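Architecture and fold: a report
Take a look at the letters that make up each chain.
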Amino acid sequence: MPAARRQYEVVSVSLPRDLVKRANAVIPKARRSRVITSMLTAFLDSVARKQLERDYAAYYSRRSDREVKEERELLNDWKLTDQEAWDILELEEANGRRKAG
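All values reported here derive from a predicted model rather than from experimental measurement. The numbers attached to residues start from 1 for each chain and follow its sequence in the written order. Confidence filtering applies because this is a predicted model: local features only for residues at pLDDT of at least 70, side-chain atom pairs given and counted only at 80 or more, and all residues used for totals across whole chains, interfaces and linings. Side-chain calculation: all heavy atoms of the structure are included, whereas hydrogens and water are not.

**Considering the packing of aromatic side chains**
For the record, the criterion: We call Phe, Tyr and Trp rings a pair once their centres come within 6.5 Å, taking the six-membered ring for Trp, and we label the pair stacked below 30 degrees between planes, edge-to-face above 60, and tilted otherwise. Summary of the burial criterion: residues with accessible area below 20% of their type's maximum are buried, those above 50% are exposed, and those between are partly exposed, where the area comes from a 1.4 Å probe applied to protein chains only.
Taken as a whole and assessed by the stated rule, the structure comprises two aromatic pairs. Where Tyr-59 meets Tyr-60, the ring centres are 5.0 Å apart and the plane angle is 75°; that geometry is what we call edge-to-face. Accessibility expressed as a relative area gives 39% for Tyr-60, which makes it partly exposed. Each residue in the set Tyr-56, Tyr-59 and Tyr-60 is aromatic and connected to the rest through ring pairs, giving one cluster.

**Notes on the side chain of Arg-63**
Short version of the rule: Numbering of helices and strands runs from the N terminus, with a helix taken as a DSSP run of H or I at least four residues long and a strand as a DSSP run of E at least two residues long. Between N or O atoms, a polar contact is any pair within 3.5 Å; within protein, one atom must be a potential hydrogen donor and the other a potential acceptor, and residues adjacent in sequence are included only when both atoms are from side chains. Contacts were defined at the residue level, with two residues in contact if any of their heavy atoms lie within 4.5 Å.
The residue Arg-63 is located in the loop between α3 (32-62) and α4 (65-78) in this model. Classification of Arg-63 by relative accessible area gives buried; the value is 16%. A distance of 2.6 Å separates the side chain of Arg-63 from the side chain of Glu-71, its partner in a polar contact. Filtering out sequence-adjacent residues up to four positions away, Arg-63 remains in contact with Val-68 and Glu-71.

**Overview of the confidence of the model for the protein chain**
Quick reminder of the rule: As a per-residue measure, pLDDT reflects the predictor's confidence and takes values from 0 up to 100.
Scored by pLDDT, the protein chain comes out at a mean of 86, with 91% of its residues at no less than 70. Predicted confidence in the protein chain is weakest over helix α1 (residues 2-5), with a mean pLDDT of 59, and strongest over α3, with 93.

**Looking at the pattern of salt bridges**
Rules: Salt bridge, as used here, is a side-chain nitrogen of Lys or Arg placed within 4 Å of a carboxyl oxygen of Asp or Glu.
Under the defined criterion, the tally for this structure stands at four salt bridges. For Glu-53, the salt bridge goes to Lys-50, with nearest N and O atoms at 3.6 Å. Highlighted residues: Glu-53 and Lys-50, both in helix α3, separated by three residues, approximately one helical turn. Between Lys-69 and Glu-73 there is a salt bridge whose closest N-O contact spans 4.0 Å. In this pair, Lys-69 and Glu-73 are both assigned in helix α4, four residues apart and thus about one turn of the helix distant. Note on Lys-69: relative accessible area 53%, which makes it exposed. Residue classification places Glu-73 among the partly exposed residues on the basis of a relative accessible area of 40%.

In structure tokens form, the structure reads like this:
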């Protein structure tokens, strides 16, 4: 198991006493580190998602009117109607590929 141990790092964190008391009262000791890991992972993932949202917002705010128009034209060219989608599914079903619905 030495390889499995290398993927973890021991850290020391100081937390407010009332928060620790609340966690101790609610979370069984055997599961505490998993709960903390899960919560920290979720927090870091949300921070990364927020940064990505900011990056996309910045990108889209900097685009020229020409770029916006070109993108909308491309989206309209590739827009698939419901009827076209059902026609594709029915063709696949007729060829024995998959069952629609």
